[in-house]
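The residues making up each chain are set out below.
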Amino acid sequence: MSLLGFNDKHLAILEQRFDSNIIVRGDQITLQGDTYEVGQIERIVKELIFILNKNKNLTANDVETVIDLVFTSTEPSNGMSQKELQSEKEGADDVVLFTKNGMIKAKTEGQRRYVKSIIKNDIVFGIGPAGTGKTYLAVAAAVAALKNRQVTKIILTRPAVEAGENLGFLPGDLREKVDPYLRPLYDALDDMIPAEKLKVYIERRIIEIAPLAYMRGRTLNNAFVILDEAQNAGSMQMKMFLTRLGANSKSVITGDITQIDLPFNAISGLVEIQSILKKIEGVSFVYFDKNDVVRHKLVKDIIDAYEDYKTNGGKMDKG
């Protein structure tokens, strides 16, 4: 009990910081997960046992300190050569998150600017075409902030804009009606957090995924807040969202201003906000282009084709 803490308090800290499964049976601790991460946890547990034997006491602060020390003193090798390790070290600033499936890192110059901007600023706008990693990298940065205890919760939101189907006519209750709009956010989290841990986070509201309308009237403290598909937020919705930000919080807003699904006469809050906030310190705008697309190679060609079509005034190239 001294090692794991009263009511497993120390164990809970470890479980929050790592994705690996930590199974305790009697006096046996079994670790299941990524080889590198399991090695980190083993080092931490051995160090905690040493501190406990020396001081006859162990505090939550001791646990967090040891975790931080191990994080900063080790790097993943995964059997790489010295040359590969050096290359990996040089690109360490591009790494956003370590997961069981490998590293999530910035791959293009635009993505690197985006990640650095998220670290530096409290409000960041990521604007660009589909497939540039705007949402995925923002979610990875949020999960990293949660694991590093920089925030205590993650809030992911999207406007539930009706594109072709009326919500009132879709089957199911309100949750079942809006879940399809939020599915891309769930998919990103599924890649980064083990299913059981993600379920616990959502049940405890450590991670919250909700339509934009649910943000009204709230103050979001100690949170990493992401507004996705922001081009479909109206002018007043954008103002409402930005004024929810509380103490020790960070917000990332992503969108593609070429894919606005609002009614023809409605103003996109994402288009408007670029002029309103462009001179405010602490607010950053990062723009992506087709060179930042990291999906299937055809996505870049599709974006080019649409740009050519628009340049030609909507006329097909008969050649």
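Residues numbered from 1 in each chain as written. Predicted model: local features only at pLDDT ≥ 70, side-chain atom pairs only at ≥ 80, totals over all residues. Heavy atoms only, no water.

Turning our eyes to something else, we now look at the overall build of the protein. Scanning the protein from N- to C-terminus turns up 11 helices and 10 strands. Within the protein, the fraction of its 319 residues that count as buried is 45%. Counting only contacts in the protein whose residues sit at least 6 apart along the sequence, the fraction spanning at least 24 positions is 68%. As displayed, the protein has an accessible area near 18300 Å², and 52% of this comes from carbon and sulfur atoms. (Helix = DSSP H or I, 4+ residues; strand = E, 2+ residues; numbered from the N terminus. Buried < 20%, exposed > 50% of the residue type's maximum accessible area, 1.4 Å probe, protein only. Contact = heavy atoms within 4.5 Å. Areas by Shrake-Rupley, 256 points an atom, 1.4 Å probe, with all protein chains shown as cover.)

Once that is clear, we can look at the packing of helix α5 (residues 109–120) against helix α6 (residues 134–147). The N-to-C vectors of α5 and α6 enclose an angle of 35°; their axes lie 11 Å apart at closest approach. Crossing of α5 against α6: the hand is right-handed. Across the interface between the two elements, Q111, Y114, V115 and I118 of α5 pack against K134, L137, A138 and A141 of α6. For the contact of α5 with α6, the class distribution of residues is 6 nonpolar, 1 polar and 1 charged. (Axes fitted to C-alpha atoms, helices over the stretch in contact; angles between N-to-C directions. Left-handed = near helix turned anticlockwise from the far one by under 90°. Nonpolar A, V, L, I, M, F, W, Y, C, P; charged D, E, K, R; others polar.)

Moving on, we come to the environment of V95. Among the structural elements, V95 can be located in strand β3 (residues 95–99). For V95, a relative accessible area of 18% corresponds to the buried category. Distance from V95 to V115, taken between C-alpha atoms, is 8.9 Å for residues 20 residues apart in sequence. The contacts of V95, once residues within four sequence positions are left out, are M103, I104 and K105.

This brings us to the confidence of the model for the protein. Here the protein averages 81 in pLDDT, while 82% of its residues score no lower than 70. Low pLDDT (under 50) marks residues 75–91, which in the prediction has 12 contacts with non-local residues, meaning those over four places away or in another chain. (pLDDT = per-residue confidence, 0-100.)

Under the definition given, this model contains 3 aromatic pairs. An angle of 15° between the planes, with centres 6.5 Å apart, marks the rings of F285 and Y287 as stacked. In textbook terms, an aromatic cluster arises when at least three aromatic residues are bridged by ring pairs, as seen for F125, F285 and Y287. (Phe/Tyr/Trp six-rings, centres within 6.5 Å; stacked < 30°, edge-to-face > 60°.)

What follows deals with the pairing of strand β8 (residues 223–227). Where burial is concerned, most of β8 is hidden: 5 out of the 5 residues are buried. Here β8 shows no split at all, with A223, V225 and L227 on one side and F224 and I226 on the other all buried. With 5 bridges connecting them, strand β6 (residues 153–158) and β8 associate as parallel partners. Residue pairing in the sheet places T157 in a bridge with L227 of β8. In this region the chain leaves β8, passes through helix α9 (residues 235–242) and returns to the parallel neighbour strand β9 (residues 250–255); the handedness of that crossover is right-handed. (Pairing = 2+ DSSP bridges. Right-handed = clockwise from strand over helix to strand, strands pointing away.)

Its identity as a non-glycine residue notwithstanding, D8 has a phi of 60°, on the positive side. Its place among the elements puts D8 in the segment before α1 (9–17). If you check the backbone angles, N248 has positive phi at about 55° while not being a glycine. Its place among the elements puts N248 in the loop between α9 and β9. On the accessibility criterion, N248 (52% relative accessible area) is exposed.

It is worth spelling out the nonpolar core at this point. By size, the foremost hydrophobic cluster in this structure holds 38 residues, and its most contacted members are Y114, L189, M192, I207 and F224. For this core, the secondary-structure elements that each account for two or more residues are β3, α5, α6, β6, α7 (174–192), α8 (195–203), β7 (207–211) and β8. Discounting residues that sit within four places of it in the chain, M192 has contacts with D19, L97, T99, I104, Y136, V139, A140 and V143. Of all hydrophobic cores here, the second largest spans 23 residues; its members include I155, M240, F241 and I253. (Core = buried A, V, L, I, M, F, W, Y, C linked by side-chain atoms within 4.5 Å.)

Bringing α1 into the picture now. Along α1, the residues classified as buried are H10, L11, I13, L14 and R17. Along the axis of α1, the buried residues cluster in a sector spanning 155°; they form a single face. (Arc of directions from axis to C-beta.)

Next up on the list: the sheet that holds β8. With parallel pairing, the 6 strands of this open sheet are ordered in space as β7-β6-β8-β9-β5-β10. Each of the sheet's edge strands pairs with one partner strand only, and the pair in question is β7 and β10 (283–287). When strand polarity is set aside, the average angle formed by the axes of neighbouring strands in this sheet is 15°. Direction of pairing for β8 relative to β9: parallel, over a ladder of 4 bridges. Note on β9: the bridge partner recorded for I226 is V252.

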